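# Topology and contacts: notes
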Amino acid sequence: MKIKFLLLALLVAILFSCSLEREIEVNLPVYEKQLVVEFYMERDQPVKVLVTESDPYFDTLRFPFINNAVILLNSGIQTDTIPFSPIIDIESRKIYNYGRPDYLSSDTSVEYSVTIRDSLGRELTGKTRFLPLPDVDTIEVRYSPDQDSLVGFLIWLNDIPDQTNYYRIIMNEDSLTGSPAVDFTLTDNGLDGKRFPVGTSFRFERNHKMHFRIFHIEQAYYNYLRSMEAASRANGNPFAQPATILSPMKGQGFGIFTTLNQRKFLISY
């Protein structure tokens, strides 16, 4: 019995003395960097554009700004160039490297098109138009029946009839500079032309202020946001399905070119 024990101990010692690690080299295909664009136009706000390029997943961290691009914005009547002009947007918590201080026509009949081309010849194109502003009926502050110090909100929207509509709602507590307390998208499936509510749970403490930003967005932007959320959830999760960014822009890259049609409200509670 002692001999068997000694043999087993010797075997274990040999196993632990051996290196169980093995380096495996994986030949990854050459990664082709692509243009990445975020181009937003908003009523009574400067034009803001962020042009960068994508990096391989395992590449070192850097700031991949493309500052030598040519951006041509066409309104059907004239074509304007959007110059290199860094902008910090506190509300969106983004930095843009191109912009113009002048405002664009928000006429919903005008279709805008853009062509973005960098020094390497990579190009992205897109189209968009302004939508009607969201029809916000009322915003109700609701107090928890179980705990009076907690409140929730009920946003009533009048849906625009005879078309499919998409909405985004962002809520920031006290300040616009922090992360949103609420940020979600929705569509009006089954609600065509009706007044309908969008609510939150009773999770906000009293004696604060809430900033509401309610957007009427294009379907392409809705799909883009949903795909970005799916990609974020899949990143680093070996069990998640791979996610593809649904980009409405065409060419050597991906991104979004859209209008921001929003109403803003500030409510103390």
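If you're wondering where the values come from, they're calculated on a predicted model, not measured in any experiment.

## A closer look at the overall build of the chain
For the chain, the helix and strand inventory stands at two helices and 17 strands. Here the chain, with 269 residues, has 37% of them falling under the buried criterion. At a minimum sequence separation of 6, the contacts of the chain that also span at least 24 residues come to 64%. With an accessible surface of roughly 16600 Å², the chain has 55% of that area assigned to carbon and sulfur atoms.

## Thoughts on the packing of aromatic side chains
Using the criterion set out here, one finds 10 aromatic pairs in the structure. Here the aromatic residues F153, F204, F212 and Y269 are joined through ring pairs into a cluster of three or more.

## What to know about the nonpolar core
In this structure, F39, V49, V51, I71 and I116 are the most contacted members of the largest nonpolar core, which totals 21 residues. Elements with a minimum of two residues in this core: β1 (35-42), β2 (47-53), β3 (70-74) and β7 (111-117). Residue contributions to this core peak at four residues, all from β1. Beyond its immediate sequence surroundings of up to four residues, V51 is in contact with L35, V36, V37, P64, F65, I66, A69, I71, N97, Y98 and I116. The next biggest cluster of nonpolar side chains, apart from the first, holds 19 residues, and it includes V151, I155, L157 and F204.

## A closer look at the layout of surface pockets
Roughly 710 Å³ of volume is contained in the second largest pocket. Taken together, 32 residues line the second largest pocket, and the ones lying closest to its centre are S92, K94, R168, I170 and Y221. Elements with a contribution of two residues or more to the lining of the second largest pocket: β1, β5 (84-89), β6 (94-100), β11 (166-173), β12 (182-187), β15 (209-217), α2 (219-234) and β17 (253-268). Grouping the constituent residues of the lining of the second largest pocket by class yields 14 nonpolar, six polar and 12 charged.

## What to know about the sheet that holds β6
Here eight strands make up an open sheet; going across it, the order is β5-β6-β2-β1-β17-β15-β11-β12 and the pairing mixed. Both outer strands of the open sheet, β5 and β12, are each paired with one neighbouring strand and no more. Taking the axes of each pair of neighbouring strands and ignoring which way they run, one obtains an average angle of 30° across the sheet. Inspection of the sheet shows β5 paired to β6 by four bridges, in the antiparallel sense. Residue pairing in the sheet places I87 in a bridge with Y96 of β6. This element, α2, spans β1, β11, β12, β15 and β17 of the sheet and lies at about 95° to β17.

## What to know about the sheet that holds β3
In a beta sheet, neighbouring strands pair by backbone hydrogen bonds and run either parallel or antiparallel. One open sheet holds the five strands; their spatial order is β4-β3-β7-β8-β16, and the pairing between them is antiparallel. Of all the strands in the sheet, the pair left with one neighbour each is β4 (79-81) and β16 (250-251).

## Some thoughts on α2
For α2, which comprises 16 residues, the first-to-last C-alpha distance of 23 Å matches the rise-based estimate of 22 Å (1.5 Å per residue) to within 8%. Within α2, the full set of buried residues consists of Y221, Y222, Y224, L225, S227 and A234. Tucked inside the fold, the buried residues of α2 contact β1, β11, β12, β15 and β17.

## Some details on the pairing of strand β9 (residues 136-143)
Note that β9 and strand β10 (residues 150-158) share seven bridges and pair antiparallel. Bridged to V136 within β10 is L157. Between β9 and β10, which pair antiparallel one after the other, the connecting turn spans six residues.

## Notes on the pattern of salt bridges
Pairs may arise between side chains of opposite charge once their charged atoms sit close together. In the structure shown here, the tally under the stated rule is 15 salt bridges. For D55, the salt bridge is made with K33, and the minimal N-O distance between the two is 3.5 Å. Here K33 lies in the loop between α1 (2-17) and β1 and D55 lies in the loop between β2 and β3, a separation of 22 residues in the sequence. Classification of D55 by relative accessible area gives partly exposed; the value is 24%. Residue K33 is classed as partly exposed on the basis of its relative accessible area of 30%. With a closest N to O distance of 3.0 Å, E91 and K264 form a salt bridge. Of this pair, E91 sits in the loop between β5 and β6 while K264 sits in strand β17, and the two are 173 residues apart along the sequence. Taken together, the salt bridges that share partners define one network made up of E53, D118 and R122.

Definitions and cut-offs
- Per chain, residues are indexed from 1 in the order of the written sequence.
- Selection of residues for local features in this predicted model requires a pLDDT of at least 70, selection of side-chain atom pairs for listing and counting requires 80 or more, and totals for whole chains, interfaces and linings are taken over all residues.
- The basis for every side-chain value is the complete set of heavy atoms in the structure, and neither hydrogens nor water enter the calculation.
- Numbered from the N terminus, helices here are DSSP runs of H or I no shorter than four residues, and strands are runs of E no shorter than two.
- A simple rule labels every residue: compare its accessible area, found with a 1.4 Å probe on the protein chains alone, to the largest value its type can have, and call it buried under 20%, exposed over 50%, or partly exposed in between.
- Here, residues are in contact when the closest pair of their heavy atoms is within 4.5 Å.
- Under the convention used here, a 1.4 Å probe and the Shrake-Rupley method define accessible areas, while residue burial counts only the protein chains that appear.
- Pairs were defined over the aromatic rings of Phe, Tyr and Trp, the Trp ring being its six-membered one, requiring ring centres within 6.5 Å. Orientation was assigned from the angle between planes: stacked under 30 degrees, edge-to-face over 60, tilted for the rest.
- As used in this record, nonpolar core signifies buried Ala, Val, Leu, Ile, Met, Phe, Trp, Tyr and Cys residues forming a set joined through side-chain atoms within 4.5 Å.
- The way it works is a 1 Å grid over only the protein atoms, where trapped points that fit a 1.4 Å probe form a cavity and open points with protein on both sides within 12 Å along at least five of seven lines form a pocket, and then any residue with an atom within 4 Å of a point lines it.
- Grid points are joined across faces, edges and corners, and a volume is the space filled by probe spheres set on the points.
- Here the term charged refers only to Asp, Glu, Lys and Arg, the term nonpolar to Ala, Val, Leu, Ile, Met, Phe, Trp, Tyr, Cys and Pro, and the term polar to all other amino acids, Gly among them.
- Between any two strands, pairing holds if DSSP finds at least two bridges.
- Note on definitions: angles span 0 to 180 degrees between N-to-C directions of axes, and those axes are lines fitted to C-alpha atoms, for helices only across the stretch in contact.
- Multiplying 1.5 Å by the helix residue count minus one yields the expected span of that helix.
- Salt-bridge detection follows one rule: a side-chain nitrogen of Lys or Arg within 4 Å of a carboxyl oxygen of Asp or Glu.

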